[in-house]
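Summary of structural features
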Amino acid sequence: MDSLIIEGGTRLKGTIRINGSKNAALPIMAAALLADGPSVIHDVPDLSDITHQNGLLTELGARVQRQKDGGLRIEVVDESNSLARYDLVRKMRASICVLGPLLAKRRHARVSMPGGCAIGDRPVDIHLRGLKALGATVELDGGDIVIDAPRLRGAEIFLGGNFGSTVLGTDNVMCAAALAEGTTVIESAACEPEVVDLADYLNAMGAKITGQGTPRIVIEGVKELHGCAHRIIPDRIEAGTFMVAAAICSGEVTLENVRLDHLLAVTDKLRGIGVTVEKEGGGCTVAALGRLRATTITTQPHPGFPTDLQAQFMALLALADGNSIITEKIFPDRFLHVAELSRMGARVHREGATVIIEGEQRLIGAPVMASDLRASAALVLAGMAARGTTTVNRVYHIDRGYERIEERLNALGAKIRRVNQKDPDQ
Ligand code: EPU
């Protein structure tokens, strides 16, 4: 099992290109199941989650190939198997995004029910409510969701829940409605840029979707969809993570391939605490010098502050001047990084879904344990700013969402080594 060994205290300087978005690519790859004919998806990052999705699509009868130019070509060659096995879903929760495409195209699917994960319970009740409204019948059998619909009919569907809308739920309903008879209106749809990217891909395949990026999406069902070429949007969470890297290391980093309009809440917070963010061509330059100011952050659905950057900002604020408050409104238990950051000397106190951070002058390197993707990224960031050596164990979590993170940070001046060592728990 790999670990990252980080020598802290280096300043970052240089240029880095941000990859295509993992969370846009996963549902778009699943939506390729809807097409008659091949799609070529450009800028799909090379991550373990993408490898899992390739494996799942292959089992579902698709031929998935990386082309010489890097594009991912996906073509369905056999529609006889519509089962997403527990073994695959267990490894990657986002496998649930095959549910809508399979139902729409094959009128039947059996998808293992995803369990909880390190960031919370993560139910799929709203996905199922939306698909039922289109005429599907849903049963639970042996831990699998068994879903059928000889006909799908457009409907008015409310997709709000206690924590806002649902990103992958909106994706699933949008995919199913694309091939339904008549018009579907999704109210309280997720507005995340990744949902817009999926809608744009579906439209390029021949779907008729409007309103993406707003809480009201309207879908006129069509009879069939064809393959097409599509380029994935830049990963806003990877961009935000590298912005925090520049800030926490008092560095100056130019990020290429960034959509700053997808990161308004994030750049607003960064500027508010004293970080400079300047637009430059298709990207931006992020610079910070010395101690930053404390702030308050509440995570919210887009365009609010993203939950996927909460842990990274906690690491940054642990070194700010004054007391900060972070409240998590999307996944109220997404705080496994709190105890690990404390091991490095961060003064962080959790009270329910809120964490109070007393800014310290310094963090001290320590062995810490990665628990989920974004928490792992936060520990790497803390390690780069800490005095001494930090070892982040179980970095397979980070490989799910960041391509060759140590190589890319080292190119900017970080000192990170990957080693293969025995898991301390085994
Ligand atoms: N929820 C329900 N019922 C549902 C669906 C969701 O109660 O049927 C709740 C969730 O428990 C949560 C909230 O609604 O409290 C929002 O969850 P959402 O469904 O939007 O999350 P998701 O679609 O499963 C995606 C990203 C996550 C990201 C969230 C929120 C992908 C593959 N995953 O998950 O990304 O945190 O949206 O923005 O797109 C990550 O990349 O590290 C990651 C976890």
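Heads up: these notes are all about the structure in this document. Sequence order as written defines the numbering, with residues in each chain counted from 1. Reporting of local features is limited, given that this is a predicted model, to residues whose pLDDT is at least 70; pairs of side-chain atoms are given and counted only at 80 or more, and all residues count toward the totals for whole chains, interfaces and linings. Hydrogens and waters are ignored; side-chain quantities use all the structure's heavy atoms.

1. Thoughts on the overall build of the chain
- The helix count covers DSSP runs of H or I at least four residues long, the strand count covers runs of E at least two residues long, and both are numbered beginning at the N terminus. Within the chain, the secondary structure is distributed over 14 helices and 26 strands.
- The C-alpha radius of gyration computed for the chain amounts to 21 Å, which stays within 12% of the reference 22 Å derived for 426 residues, consistent with globular compactness.
- Its C-alpha atoms give the chain principal-axis dimensions of roughly 65 × 45 × 40 Å.
- Only protein chains enter the accessibility calculation, which uses a 1.4 Å probe; a residue whose area is less than 20% of its type maximum is buried, one above 50% is exposed, and one in between is partly exposed. Residues classed as buried in the chain amount to 57% of the 426 residues present.
- It only takes one pair of heavy atoms within 4.5 Å for two residues to be counted as in contact. Of the contacts formed within the chain by residues at least 6 apart in sequence, a portion of 73% connects residues at least 24 apart.
- Under the convention used here, a 1.4 Å probe and the Shrake-Rupley method define accessible areas, while residue burial counts only the protein chains that appear. Summed over all atoms, the accessible surface of the chain reaches about 16,500 Å², with 49% contributed by carbon and sulfur. Within these notes, the globule rule equals 2.2 Å times the number of residues to the 0.38 power, and the radius of gyration is based on C-alpha atoms.

2. Quick notes on the nonpolar core
- With 77 residues, the main nonpolar core has V98 and L202 as its most contacted residues.
- With residues near it in sequence (within four places) discarded, V98 still touches A30, L33, L56, L57, L60, A84, V111 and N172.
- Of all hydrophobic cores here, the second largest spans 73 residues; its members include C249, L363, I398 and I405. Nonpolar core, defined: a set of buried Ala, Val, Leu, Ile, Met, Phe, Trp, Tyr and Cys residues in which side-chain atoms within 4.5 Å join the residues together.

3. Notes on unusual backbone geometry
- Here the bond from H302 into P303 is cis, since omega is 10°, no more than 30 degrees from zero.
- Looking at where P303 falls in the secondary structure, it is placed in the loop between β20 (296–298) and α10 (310–317).
- The backbone of S188 sits at a positive phi, close to 60°, despite the residue not being glycine.
- Its place among the elements puts S188 in the loop between β12 (183–187) and α7 (193–204).
- By relative accessible area, S188 is classed as partly exposed at 23%.

4. Side note on the sheet that holds strand β25 (residues 389–393)
- The four strands lie next to each other as β24-β25-β1-β26, forming an open sheet whose pairing is mixed. This sheet does not close on itself; its edge strands, each paired only once, are β24 (367–369) and β26 (415–420). Sheet twist, expressed as the average angle between the axes of neighbouring strands with direction ignored, equals 25°.
- Strand pairing is assigned whenever DSSP identifies at least 2 bridges connecting the two strands. Bridge analysis of strand β1 (residues 2–7) against β25 gives four bridges, and the strand direction is antiparallel. In the sheet register, L4 faces β25, and the bridge partner there is V392. Axes, fitted as lines to C-alpha atoms, cover a helix only where it is in contact. Angles between the N-to-C directions of the axes lie from 0 to 180 degrees.

5. A short note on the side chain of E194
- Inspection of the secondary structure assignment puts E194 in helix α7.
- In this view, E194 contacts S21, N23, A24, I233 and R236; residues no more than four positions away in its chain are not counted.

It is worth stressing that arrangement in space is one thing and function is another; only the former is reported here.
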